[in-house]
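This is what each chain is made of:
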Amino acid sequence: MQKNNLDDMDRRILQVLSRDARASLQEIGKQVGLSSSPCWQRIKRMEEAGIIQGYQARIDMAGLGYGEGLIVMVTLDQHGDEVLDRFERALAEIPEVIEAYLVSGEYDYFLRLAVRDTRDYERLLREKLYKIPGLRHSVSSFVLRQLKAASVPL
């Protein structure tokens, strides 16, 4: 099953799940106009096909003490497979990195970080990010406000 094989009902189910992954089959079915059994069959089929890859809770980072969010764009010295792999493994070991993307364009990576405050970010830079071999340059921007968070464009 591929995305282009989804029908309108599948897309409506995905919309409900993207808003509330904990919705019951009855709630989903009511919102999309299906009974629980066919709704479950469609969800199961999309899970097995890898269209639904898992379920997550949205966490209030400030509630956990991470009052600042950052976007960090990173440029590496080199772009060989070994350098990229080493950099990506290093990022995976840093809990403050909550999202990381290899991107095209002026920068090599786009990172989203969560830190407690500016001093915590300075510590993270000195003790972790700047110690990763191959990192040439980074540009940081503090997130002032999140305007939109959506999982998929349905």
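The structure this text deals with has already been given above.
Cut-off values and rules
Residues numbered from 1 in each chain as written. Predicted model: local features only at pLDDT ≥ 70, side-chain atom pairs only at ≥ 80, totals over all residues. Heavy atoms only, no water. Pairing = 2+ DSSP bridges. Helix = DSSP H or I, 4+ residues; strand = E, 2+ residues; numbered from the N terminus. Salt bridge = Lys/Arg side-chain N within 4 Å of Asp/Glu carboxyl O. Buried < 20%, exposed > 50% of the residue type's maximum accessible area, 1.4 Å probe, protein only.

Caption draft 1: Highlighting the pairing of strand β2 (residues 97-102). The sheet contact formed by β2 and strand β3 (residues 109-115) spans 5 bridges and is antiparallel. What sits directly across from V97, in β3, is L113. In this antiparallel pair of consecutive strands, β2 and β3, the connection spans 6 residues, and G105 shows a positive phi of 105°.

Caption draft 2: Structural context of the pattern of salt bridges. In total, this model carries 12 salt bridges according to the counting rule given. In this structure, the salt-bridge partner of K44 is E48, at a minimum N-O distance of 3.8 Å. On the criterion of helical spacing, the pair formed by K44 and E48 is a turn pair, its members being 4 residues apart in helix α3 (residues 36-48). Residue K44 is classed as partly exposed on the basis of its relative accessible area of 33%. Residue E48 is classed as exposed on the basis of its relative accessible area of 62%. Among the ionic pairs, E122 bridges to R126, the shortest N-O distance being 3.6 Å. Taken as a pair, E122 and R126 lie in helix α5 (residues 118-127) at a separation of 4 residues, close to a single helical turn.

Function cannot be read off these values alone, since they describe shape.
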